[in-house]
Structure formats: C-alpha cells, structure tokens
Amino acid sequence: MASSLTKDSVTPGTPGSDTAFFGHPRGLATLFMTEMWERFSYYGMRALLPLYLVAPGGLHLSAATATAIYSVYVSLVYLLAMPGGWFGDRVWGPRKTVAVAGAVIMLGHLTLALPSSGTFYAGLGLVAIGSGLLKANISTMVGHLYEGPDDPRRDGGFTVFYMGINLGAFAAPLVIGTIGENVSWHLGFALAAVGMAIGLAQFLIGSRHLADRSSVVPTPLSDAEKSTTLRKAAIWAGIAVVFYAIVGFSGHYTLNWILVPLTLLGVIIPVMVLVNIKRDRELDRTEQKSMSAYIWFFVAAAVFWMIYDQGGSTLSIFADSSAENSVLGWTFPVSWYQSVNPVLIMALAPVFAWFWLALNRRGKEPSTAVKFASGLVLVGASFFLFLAPLAIADGGHKAAALWLVAIYFVQTVGELLLSPVGLSVTTKMAPAKYASQMMGVWFLAVTAGDATTGLLSIAGVDLNKTGIVALEATLAVLAGLAVWMYRNRVKELMGSVR
C-alpha cells in the first residue's frame, strides 16, 4: 500500500517530501478535503434538485421538465470540464482556477438559496461553471504532488483522493437532503454553500502544502491570443444577449429557449470533438485505429450514462410519488436514495480491484470490451428491474424501497465494470497530440448521455412509463451485446493496448 512509505524514502525537497497524510504528501490532505466538501455541496444540491423542481412548495414543474433541467445541468457540468482545463492550462494555472471555482460554486449555491425562480436558474448556471472549472484542475494538482508517473505512491494517492469524492457524496444527501426536504428547500441549498465555503477556506489555508508547479500556467496565452479570445467571447456573448432580449421582449420566451440549445450542444459538441480528432491527418495509422476503437467505447459509455444518471432524476421522481420510502416502519427522505451508490462504491471497489488482480494472475481477466459490454448489460438489466416497481405503482400501490435499492445496486456494479476501465483505456488510447485533452473527451460521453435524456424529456417523453423504460433497457442490452460480438474487432483496432 502506498501509505506504508515513510518520509525517509523520498528525497528532501521534492513535492512529496512531506508525507504527513497516510504516507502521502501533506498537500493531498488539502485536496482531499477540498474535493470532499465540493462533492458534499454538489451531490447534496443534486439530490434536492429534481424533488424541488416538482414539489408544490418548490417550482412545481412537470416531471418531464424537471428531468430535462436536471439532465441539462449534469451534462453542462461535464461539458464545461474541457474549457475548465483550458483555463487551468492557459489562463490562471490549476491552483488559482480551483480557488476561483470554489468561490463561484459557493456563490451559485447561495443564489439557489434565494426564494426566486429567476435567481434559481442563475444559481444552477454558476454551480455548473464552477464545477467545470474545478473538476478538470484539482485532479491535475494531485498528480503534481508526486515525482512523475513512476512514483510508487501515485496510484494510492489518487485512490485516497477519490475516497474523498465518495465520502462527500455519501454524507450530502443525509444532511442536505434531510434539511431540504423536512425543513426548507432553500436552507438545504444554503447548507450546500456552507459546505463549499468550508472546502474553499481549508484550500486557501492549506495551499502552501501544494506543489509549486500548481501555481504555474503551463502554456500561457500570448497577448495576441488573449485579444482574439476576448474578442470572440464578447461577440458570442453579445449575440446571445441580443437574441434572448428579442425573444424576451417579444413575449415568446419559454424555458425551452434555454434548454433546447443547451441539450443540442451537449450532443453536437462531443460528436464534433471526436470527428475532429479522428480526421486529424497528423495522427499515424496506429493512432487512427486506436481512435476507431475508442469511438466504440465512447458510444457505449454515452448509452450507459444516459440510463445511469437517471438514478438522480427519473428514479428519484418515481420514489417521491410512487414508492414506500420506509424500512421496518421507519420513514426516510427521498433524497437518501442518492447515498446508496457512494456507499456501495466504497464497499465494492476494493473487491473489484482484488478480483481483477486475481483473474489477471491466472490469465483470465476479461478484456476491456467484455467489461464494457457487461456494464452496459447490467445498466440495461437495472431498468428491466425498474419495470417491477412501475407495475406495482400502476396497480395503485406503493413500491417497496428495496426495489429501488436493488436498482441502484445493479447500476453500481455496472459502473464499477465500465467507469474505471473507461478512464484507464482513455489514457492508454489517447493519441500523443491529444494526451492532455482525452480525459475531457471521456467526460463528454457523460455530456452526450445526459443531453440525450434531456432531449427526450423536452420532447415530452415520460421517462417513468413502462414502454420507454423497457425501450431504454433493451437499447443498453443490445449495445452491450454488440460490443461483445465485435470484441475481437475492437481488440484488433486497439493494437497493443489492453
């Protein structure tokens, strides 16, 4: 285990010379706590979001509109991770970008806490922007704490860091969800702001323990590039302001004037990015083949996230209206379902890691394509399982809470088969020219999946109906079978990557 390394095993003066946090650099504690509190604020607000949108005491919207807003919001968070990484690389450097991001997120949650529908959407936008800025840069700073990719503590450090994500995600619905549902929606959103404020404060206090290069702008913009970038940004912002002013003053404005363009961008931009990389003539033949194989994984991941992320919207709205949210007579808030996934991740991730190693030693570890196919089949199976509580609700009864827990369990197992493997294969298959951008490309698969859900909701599709749930489940299973059937072809395109 990486934490077993001692302070004496590292050369003094290196980024990792201060091993005061489980054998890791002291800066890891700063980043761990920052990420934990940021995820606390993010997942707490996200657990409340669909419930607040449909609640009579909230915005009282339809389930379809609420799902569309939720899906657009989540897709934006991942879409903005790419420009967030760009800011860290070219404008502010990772450390300053994360500090600004934390302030923007906190301001966004405070705006959500105001009792006004107008400010509510502005708050969502601020949280999405801040999350995109932070997401791409904080992991970069974790890497800066170690002496390159060969530092033996590096993988263990990221494991500790990602535990912070799941701790924050687990605690948030239990605290913020309970206050939001039982006391006040807006007080719940305010608690999310408090969580981010704590994370930001300890980041600023503990930033002296971070590596010096976290403050460096790796490839700063030249004066000419700054002028061009600012001019283009001003032009597009001006076009947007004029367009929406015309729509608003003419009396034609509805929420769809915002939702439709954003969902379309969530589908179009990932496609454009992939096409742009695939058509790059500077890539050699091996890199071209790797990108062809990667497109299979990208599409499969988009289908997976389209269904998986409905655990926070479609399933949550169903639980609110049609589930018996109690165990042995003890009733709990609907938002608590959102703590099921992170606690299962923390319990099952070590088991999966051990299992893959055990199979690898015997030469029986399944290929990346087989793991992807299995993850897709399982997320499809989770929605086939969803048909049972839907049938119970259609019969005029409340579905038992354990039905929903079972769905989240199956989805989590699917996530553990697909998500870590996807992150790994993304770094392995990235063309040299796009090495630093490919993680952002992987996040675009989440964007595409959630944007598709948003488009369906905007089109008026009720995602809590038996027919559409069965259709989505069938699509995922068929996609999984397709990946499995063509696994040898995909393996051939991957070349030496495993």
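- Naming follows an unreviewed UniProt entry, where the protein chain appears as Oligopeptide:H+ symporter of Streptomyces pseudovenezuelae.

Re empty space enclosed by the protein
At step 1: Applying the stated criterion across every chain yields a total of one cavity of 30 Å³ or more.
At step 2: Looking at the largest cavity, the residues that line it are Ala 63, Ala 64, Thr 67, Thr 314, Ser 457, Val 461, Asp 462, Leu 463 and Asn 464.
At step 3: A total of three residues in the lining of the largest cavity trace back to one element, the largest contributor, which is helix α2 (residues 63-79).
At step 4: Looking at side-chain class alone, the lining of the largest cavity contains four nonpolar, four polar and one charged residues.

Observations regarding the side chain of Ser 313
At step 1: Tracing the backbone shows Ser 313 in the loop between α10 (285-308) and α11 (314-322).
At step 2: In contact with Ser 313, other than residues within four places in its own chain, are Pro 50, Thr 67 and Tyr 70.

So, the packing of α10 against helix α15 (residues 438-458)
At step 1: Following both chains from N to C, one finds α10 and α15 inclined at 40°, their axes separated by 7 Å at the closest point. In terms of their interaxial angle, α10 and α15 are classed as oblique. The chirality of how α10 crosses α15 is right-handed. Together, Met 291, Tyr 294, Phe 298, Ala 301, Ala 302, Trp 305 and Met 306 of α10 and Met 438, Val 441, Trp 442, Leu 444, Ala 445, Val 446, Ala 448, Gly 449, Asp 450, Thr 452 and Thr 453 of α15 make up the contact between the two elements.
At step 2: A breakdown of the residues in the contact of α10 with α15 according to their chemical character gives 14 nonpolar, three polar and one charged.

Remarks on the pattern of salt bridges
At step 1: Per the stated rule, a full pass over the model turns up three salt bridges.
At step 2: A salt bridge links Glu 38 to Arg 39; the nearest nitrogen and oxygen atoms lie 2.6 Å apart.
At step 3: When its relative accessible area of 1% is taken as the criterion, Glu 38 is described as buried.
At step 4: The exposure class of Arg 39 is buried, given its relative accessible area of 4%.
At step 5: Between Glu 225 and Arg 90 there is a salt bridge; the shortest N-O distance is 3.0 Å. Taken together, the positions of Glu 225 in helix α8 (residues 223-249) and Arg 90 in helix α3 (residues 81-90) put the pair 135 residues apart, joining distant regions of the chain.

Considerations on the packing of aromatic side chains
At step 1: Within the structure shown, the criterion is met by 28 aromatic pairs.
At step 2: What links up through ring pairs into an aromatic cluster is the set Tyr 52, Phe 120, Tyr 121, Trp 185 and Phe 189.
At step 3: If you follow Arg 39 out to its NZ or CZ, it ends over the ring of Tyr 42, 4.2 Å from the centre.

Quick look at α2
At step 1: If you check α2, its first and last C-alpha atoms are 24 Å apart, about what 17 residues at 1.5 Å a residue would give, namely 24 Å.
At step 2: With 14 of its 17 residues buried, α2 lies for the most part within the structure.

Focus on the packing of helix α12 (residues 340-361) against helix α14 (residues 401-429)
At step 1: Direction vectors running N to C along α12 and α14 enclose 40°, while the axes themselves pass 9 Å from each other. The angle between α12 and α14 falls in the class oblique. The handedness of the crossing between α12 and α14 is right-handed. The residues of α14 that touch α12, namely those facing Val 340, Asn 341, Leu 344, Ile 345, Leu 348, Ala 349, Phe 352 and Trp 356, are Val 405, Tyr 408, Phe 409, Thr 412, Val 413, Glu 415, Leu 416 and Leu 417.

Focus: α12
At step 1: An ideal rise of 1.5 Å per residue puts 32 Å on 22 residues; α12 measures up with 32 Å between its terminal C-alpha atoms.
At step 2: Where α12 bends most, at Leu 348, the angle is about 35°, and the proline Pro 350 comes one to four residues later.
At step 3: Where α12 is concerned, the buried positions are Val 340, Asn 341, Pro 342, Leu 344, Ile 345, Met 346, Leu 348, Phe 352, Trp 356, Ala 358 and Leu 359.
At step 4: One or two residues past the end of α12 sits Gly 363, with phi positive at roughly 70°.

Looking at the side chain of His 186
At step 1: Secondary-structure assignment places His 186 in helix α7 (residues 185-206).
At step 2: In this structure the side chain of His 186 is engaged in a polar contact, spanning 3.3 Å, whose partner is the backbone oxygen of Ala 113.
At step 3: Excluding its chain neighbours within four sequence positions, the residues that come into contact with His 186 are Tyr 52, Leu 112, Ala 113, Leu 114 and Pro 115.

Side note on the environment of Val 275
At step 1: Summarising the element assignment, Val 275 is placed in helix α9 (residues 256-278).
At step 2: The sequence separation of Val 275 and Gly 118 amounts to 157 residues, and the corresponding C-alpha distance is 37 Å.

Calculation criteria
- Residues numbered from 1 in each chain as written.
- Predicted model: local features only at pLDDT ≥ 70, side-chain atom pairs only at ≥ 80, totals over all residues.
- Heavy atoms only, no water.
- 1 Å grid on protein atoms, 1.4 Å probe; cavity = no way out; pocket = protein on both sides within 12 Å on 5 of 7 lines; lining within 4 Å.
- Points joined across faces, edges and corners; volume = space filled by probe spheres on them.
- Helix = DSSP H or I, 4+ residues; strand = E, 2+ residues; numbered from the N terminus.
- Nonpolar A, V, L, I, M, F, W, Y, C, P; charged D, E, K, R; others polar.
- Contact = heavy atoms within 4.5 Å.
- Axes fitted to C-alpha atoms, helices over the stretch in contact; angles between N-to-C directions.
- Parallel < 35°, antiparallel > 145°, perpendicular 65-115°, else oblique.
- Left-handed = near helix turned anticlockwise from the far one by under 90°.
- Salt bridge = Lys/Arg side-chain N within 4 Å of Asp/Glu carboxyl O.
- Buried < 20%, exposed > 50% of the residue type's maximum accessible area, 1.4 Å probe, protein only.
- Phe/Tyr/Trp six-rings, centres within 6.5 Å; stacked < 30°, edge-to-face > 60°.
- Lys NZ or Arg CZ within 6 Å of the ring centre and 35° of its normal.
- Expected span 1.5 Å × (residues − 1).
- Bend = angle between axes of the 7 residues up to and from the residue.
- Polar contact = N/O pair within 3.5 Å; in protein donor to acceptor, adjacent residues only side chain to side chain.

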